Amino acid sequence: MNFRTLVFVSALLAPVSAFCQLPISLGIKGGGALTDAFSDRSATVGGVTTRTYSPQGDYIVGPMLELHLPMGISAEVDALYRPLHLRTEFASTAGSFSGPGTVNSWEFPILAKYHFGIPFVKPFIEAGPSFRHVSQFAGDTPHLSTNGLALGAGVEAKALFVRIAPEFRYTHWGTDSNRGTSPFTPSSNPNQVEFLIGISF
């Protein structure tokens, strides 16, 4: 390898080497919701009874990135996919009908974290804004809030190069934009609790 080739290869590898030296962890986070995405709501108008509710829990999964700073402080950004399940039931003297639906959502929490300096495992607390992109239902349906506030607590353990961090996270979302406009409009649950496990390197 001649001198020019050596300089060229070194220039290409320099950004990679610099990135590897940054105190950054990349990984994946997954878990499930401990609360329903939609409130259990019933209304009767003109002899027709409508009920909307979440028929099952939602799974959550997505990539995570964490920047480690001095004094036990870090900053974490997640991109979490969560399908929000909804069922609508109609009942009247003429018969009944029910149909499922799913709102696809991506949540993007930006969290400041503090790790307590305890050997072997490091408990942590976290807080910060959370944003989400939601594929709304068509027609007279919920227009869910896309802004919220997230709080959480968990424990991080490190084995060799792997960090494992189970946690409980609470998110309060804003009010649906068309909440209360119709008795048949589903109502999302603004208070969400999730159990998540992060695995990062």
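About the cut-offs
- Residues numbered from 1 in each chain as written.
- Predicted model: local features only at pLDDT ≥ 70, side-chain atom pairs only at ≥ 80, totals over all residues.
- Heavy atoms only, no water.
- 1 Å grid on protein atoms, 1.4 Å probe; cavity = no way out; pocket = protein on both sides within 12 Å on 5 of 7 lines; lining within 4 Å.
- Points joined across faces, edges and corners; volume = space filled by probe spheres on them.
- Helix = DSSP H or I, 4+ residues; strand = E, 2+ residues; numbered from the N terminus.
- Nonpolar A, V, L, I, M, F, W, Y, C, P; charged D, E, K, R; others polar.
- Salt bridge = Lys/Arg side-chain N within 4 Å of Asp/Glu carboxyl O.
- Buried < 20%, exposed > 50% of the residue type's maximum accessible area, 1.4 Å probe, protein only.
- Pairing = 2+ DSSP bridges.
- Phe/Tyr/Trp six-rings, centres within 6.5 Å; stacked < 30°, edge-to-face > 60°.
- Polar contact = N/O pair within 3.5 Å; in protein donor to acceptor, adjacent residues only side chain to side chain.
- Contact = heavy atoms within 4.5 Å.

Peer 1: Which residues make up the layout of surface pockets, and what values go with them?
Peer 2: Unfilled space is identified by rolling a water-sized probe across the atoms. Estimated volume of the largest pocket: approximately 180 Å³. Forming the walls of the largest pocket are 14 residues, and the residues nearest its centre are His68, His115, Lys122, Glu156 and Arg163. Of all the secondary-structure elements, those providing two or more residues to the lining of the largest pocket are strand 5 (73–78) and strand 9 (147–159). No other element matches strand 9, which puts 3 residues into the lining of the largest pocket. Among the residues forming the lining of the largest pocket, the class breakdown is 5 nonpolar, 5 polar and 4 charged.

Peer 1: Tell me about the pattern of salt bridges, and name the residues and values.
Peer 2: Counted by the stated rule, this structure contains 12 salt bridges. We note a salt bridge from glutamate 76 to arginine 169, for which the minimum N-O separation is 3.7 Å. Here the residue glutamate 76 occupies a position in strand 5, and arginine 169 occupies one in strand 10 (residues 162–173), the gap between them amounting to 93 residues. By the burial criterion, glutamate 76 is buried, and arginine 169 matches it. If you follow the salt bridges from partner to partner, you end up with Lys29, Glu66, Glu76, Asp78, Lys113, Glu126, Glu167 and Arg169 in one network.

Peer 1: Which residues make up the pairing of strand 4 (residues 59–68), and what values go with them?
Peer 2: Bridge analysis of strand 1 (residues 24–33) against strand 4 gives 9 bridges, and the strand direction is antiparallel. Bridged to glycine 31 within strand 4 is isoleucine 60. The pairing of strand 4 with strand 5 spans 5 bridges and is classified as antiparallel. If you follow methionine 64 over to strand 5, its bridge partner there is aspartate 78. The loop that links strand 4 with its antiparallel partner strand 5 comprises 4 residues; one of these, methionine 71, has a positive phi angle of about 65°.

Peer 1: Outline the pairing of strand 7 (residues 95–115), supporting the account with residue identities and numerical values.
Peer 2: For strand 5 and strand 7, the ladder comprises 5 bridges, and the chain directions are antiparallel. Its bridge partner being in strand 7, alanine 75 is matched across the sheet by alanine 112. Summarising the sheet, strand 6 (residues 80–92) and strand 7 pair through 13 bridges and their orientation is antiparallel. Paired with leucine 84 across the strands is valine 103, a residue of strand 7. Turn length for the strand 7-strand 8 (residues 121–134) hairpin, with the two strands adjacent in sequence and antiparallel, is 5 residues, and the turn residue phenylalanine 120 shows positive phi of about 75°.

Peer 1: Can you lay out the packing of aromatic side chains for me, pointing to particular residues and giving the numbers?
Peer 2: Following the criterion strictly, the structure yields 4 aromatic pairs and no others. Both rings, one in tyrosine 59 and one in tyrosine 81, keep their centres 6.1 Å apart while their planes meet at 55°; by these two values the pair is tilted. One end of the pair, tyrosine 59, is in strand 4; the other, tyrosine 81, is in strand 6, and 22 residues separate them in sequence. The exposure class of tyrosine 81 is buried, given its relative accessible area of 19%. Three or more aromatic residues joined by ring pairs make a cluster, and in this case those are Tyr59, Tyr81 and Trp106.

Peer 1: Explain the side chain of glutamate 167 residue by residue, including any values.
Peer 2: Here glutamate 167 is to be found in strand 10. At a separation of 2.8 Å, a polar atom in the side chain of glutamate 167 contacts the side chain of lysine 29. At a separation of 3.2 Å, a polar atom in the side chain of glutamate 167 contacts the side chain of arginine 169. Those residues in contact with glutamate 167 that lie beyond four places of it in its chain are Lys29, Phe124, Glu126, Ala153, Gly154, Glu194, Phe195 and Leu196.

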